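An overview of the molecular structure
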Amino acid sequence: MVQWPWWVLGFALVVDIAIRITAIIVIPRNRRPMSAMAWLLAVFFIPYIGVLLFLLIGNPRLPRARRRKQDQINDLIAETSDQLHFGTLRPHAPDWFRSVVSMNQHLGALPISGDNGAHLISEYQESLDAMAEAIRAAKEYVHVEFYILQSDASTDNFFRAMEEVAARGIPVRVLLDHWANRWKPRYRATINRLTAMGAEWHLLLPMQPLKGRMQRPDLRNHRKLLVVDGSIGYLGSQNVTDSSYNLKKNIKRGLHWVDLMVRVDGPIVLSLNAIFLSDWYSETDEILSDVDITKAEIGTGDLDCQIVPSGPGYEVENNLRLFLALLYAAQRKIMIVSPYFVPDEALLLAVSAACDRGVQVELFVSEEGDQAVVYHAQRSYYEALLRAGVRIWMYRKPYILHTKSLTIDEEIAVIGSSNMDMRSFGLNLEASMLVRGEEFVAEMRAVEDEYRLLSRELTLEEWLQQPLRSTVLDNLARLTSALQ
């Protein structure tokens, strides 16, 4: 047995105490209590590993230079928006809705606009092909921004459309998340194809230390959007890839993703384009002066829409505040579709309070998970939700229900890329669209009804039969989900 000198043991004790005292001072500052407690537990139980992890992923914000760029873009958008007419809004908006819109804009969202058309596409391949046809009709430019972008058999039509447009000399600009794509199949083939067609492409949030490009390694740009000529746009939950994501483990398990995209036209496309332009500027320092975001076209409908960006470039969780405001405003019905539902205390309280008010609350999740830690963390909330009165629908395997949406009563909906989990609230750059209009909510209800038919309901009686080992795994995963 090794006998350490007394001074070595004394030094180690002093370092250990210093780490703990420093952690108590540094970690809780400007951090949510649950997150601070999780980090303190990590540092106290595994001091050296905990400190290393905190230094690596403890800062949930983008580098200061990138946040300054976001502030500059926000100021520019605000100045431009003051001079624009964004269509005619629907009359008789509730006071609470106007205050939510005002809050969103104060936090960095784009102005609300009227005279918009919006229609859902719930079939996976149909969505890819519809976007391809929109690209083929381009006359001025094509802006593509997706968390995952892969050239494969399912997306070949999408890529061929970009190639045809680029061959006509029309600018094709592409943004894709670095980390999400770098380790995926067909990454090299995809970027080679983009280069060969003449598209101007850039990686989002690249981890390139030799080029001085560094930030917390698990920050992601999770947005999914397409803009053609500033007149047609798409956004939602779907990536440009095969529904299996071309991963061997998914193919072996037979997993396929179920998603929802929305095609928009009207003034709201300017707001969607502004998101792309801000991300383009953040990565390239280039302001695309040839792209006009002041020319609003009247859409095919009269929906009121507002784009709400969120992510570590903002001071607060814009998407979480939007969800909370809507949950507290609901009077009759709340429908939540979120593949990764890992609420913080405020969101869990808002959901349970809605049940206490007599509001019908339903949550759609997947029966099977693709990410073990998130899957178990989500399960740890099922008992509390079921006891509160939430009806939980589990979309049958082997499909992963990947749609992210929220509908309130009969008039208000949110659709976009944001899950209701800690990652989407604090670590991912997301884009959500707030919509006011009964006709759009009716479309959403039809999709929700389809999901319900393809799901089974989880009951409290069934859940209480879970084995102890599952409960332990769920609770451990719940603790790790708070490390932000």
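Refer to the structure presented above.
Every value quoted in this text rests on a predicted model; they were computed, and no experiment measured them.

About the thresholds
Residues numbered from 1 in each chain as written. Predicted model: local features only at pLDDT ≥ 70, side-chain atom pairs only at ≥ 80, totals over all residues. Heavy atoms only, no water. Helix = DSSP H or I, 4+ residues; strand = E, 2+ residues; numbered from the N terminus. Areas by Shrake-Rupley, 256 points an atom, 1.4 Å probe, with all protein chains shown as cover. Buried < 20%, exposed > 50% of the residue type's maximum accessible area, 1.4 Å probe, protein only. Contact = heavy atoms within 4.5 Å. Salt bridge = Lys/Arg side-chain N within 4 Å of Asp/Glu carboxyl O. Core = buried A, V, L, I, M, F, W, Y, C linked by side-chain atoms within 4.5 Å. Expected span 1.5 Å × (residues − 1). Polar contact = N/O pair within 3.5 Å; in protein donor to acceptor, adjacent residues only side chain to side chain. Phe/Tyr/Trp six-rings, centres within 6.5 Å; stacked < 30°, edge-to-face > 60°. Lys NZ or Arg CZ within 6 Å of the ring centre and 35° of its normal. Arc of directions from axis to C-beta. Patch = residues over 30% accessible without salt bridge, like charges linked within 9 Å, V, L, I, M, F, W, Y side chains within 5 Å.

A look at the overall build of the protein chain
Looking only at helices and strands, the protein chain has 19 helices and 20 strands in total. Entry remark: accessible area of the protein chain is about 21000 Å², with carbon and sulfur atoms responsible for 59%.

A closer look at the side chain of glutamate 367
Mapped onto the secondary structure, glutamate 367 falls in the loop between β13 (360-366) and α14 (372-379). When its relative accessible area of 15% is taken as the criterion, glutamate 367 is described as buried. Setting aside residues up to four positions removed in sequence, glutamate 367 forms contacts with Tyr375, Met394, Tyr395, Arg396, Lys397 and Arg456.

Observations regarding the pattern of salt bridges
Inspection of the entire model under this criterion finds 25 salt bridges. Salt-bridge contacts for aspartate 265 lead to arginine 263; the nearest nitrogen and oxygen are separated by 3.0 Å. What makes aspartate 265 buried here is its relative accessible area of 5%. With relative accessibility at 28%, the residue arginine 263 sits in the partly exposed group. For arginine 391, the salt bridge is made with glutamate 457, and the minimal N-O distance between the two is 2.8 Å. Linking arginine 391 in strand β14 (residues 391-395) with glutamate 457 in strand β20 (residues 455-458), this pair joins segments that are 66 residues apart in sequence.

A look at the nonpolar core
Generally speaking, nonpolar side chains in soluble globular proteins are found buried as a group. Among the nonpolar cores identified, the biggest contains 46 residues, and Ile334, Ile336, Leu385, Ile392, Leu406 and Leu434 are the most heavily contacted of them. Per-element accounting of this core gives the leading share, six residues, to helix α12 (residues 318-329). In this structure leucine 434 touches Phe97, Val100, Val101, Asn104, Asp304, Cys305, Gln306, Leu322, Leu326, Ile412, Ala413 and Val414, once residues within four positions along its chain are discounted. Ranked by size, the runner-up nonpolar core spans 42 residues in total, among them Tyr124, Val174, Leu176 and Trp257.

Observations regarding helix α7 (residues 156-167)
Compared with the 16 Å implied by 1.5 Å per residue over twelve residues, the 16 Å span of α7 between its first and last C-alpha is a close match. Within the sequence span of α7, burial applies to Asn157, Phe158, Phe159, Ala161, Met162, Val165 and Ala166. Where α7 is buried, its residues meet α6 (124-136), β2 (142-146), β3 (172-177) and α9 (187-197). Once α7 finishes, glycine 169 follows within two positions and takes phi at roughly 85 degrees, a positive value.

Points about the environment of tyrosine 234
Position of tyrosine 234 relative to the elements: it lies in strand β7 (residues 232-236). Since its relative accessible area comes to 3%, tyrosine 234 is described here as buried. The spacing of tyrosine 234 and leucine 120 is 114 residues in sequence and 9.6 Å in space, taken between C-alpha atoms. Of note is the side chain of tyrosine 234, whose polar atom sits 3.5 Å from the backbone oxygen of alanine 130.

A closer look at the packing of aromatic side chains
For the structure on display, the rule yields nine aromatic pairs. With 6.0 Å between their ring centres and 85 degrees between their planes, tryptophan 96 and phenylalanine 97 make a pair best called edge-to-face. The class for tryptophan 96 is partly exposed, based on a relative accessible area of 27%. According to the relative accessible area criterion, phenylalanine 97 is buried, its value standing at 3%. Here the aromatic residues Phe146, Phe158 and Phe159 are joined through ring pairs into a cluster of three or more. In this arrangement the basic side chain of arginine 182 is found over the ring face of tryptophan 183, its NZ or CZ atom lying 4.9 Å from the centre.

Remarks on helix α17 (residues 438-453)
In this model, α17 (16 residues) spans 22 Å end to end at C-alpha, consistent with the 22 Å of a helix rising 1.5 Å per residue. Restricting attention to buried positions, one finds in α17 the residues Phe440, Val441, Met444, Arg445, Val447, Glu448 and Tyr451. Taken end-on, α17 shows its buried residues confined to a sector of 165 degrees, consistent with a single buried face.

Things to note about a nonpolar patch on the surface
On the surface, a cluster of nonpolar side chains totalling about 470 Å² of accessible area is made up of Leu41, Leu468, Val472, Leu476 and Leu479. The element that contributes the greatest number of residues to the nonpolar patch is helix α19 (residues 468-481), accounting for four residues. Within the secondary structure, leucine 479 is located in helix α19.

As for unusual backbone geometry
Backbone geometry follows two general trends: most residues other than glycine have a negative phi, and most peptide bonds adopt the trans configuration. Each neighbour pair has its own omega, and for lysine 397 with proline 398 the value is 15 degrees, a cis peptide bond. Residues other than glycine seldom take positive phi values, yet arginine 186 does so here, at roughly 70 degrees. Within the chain, aspartate 229 stands out as a residue other than glycine whose phi angle is a positive 60 degrees. Within the secondary structure layout, aspartate 229 lies in the loop between β6 (224-228) and β7. The class for aspartate 229 is buried, based on a relative accessible area of 14%.

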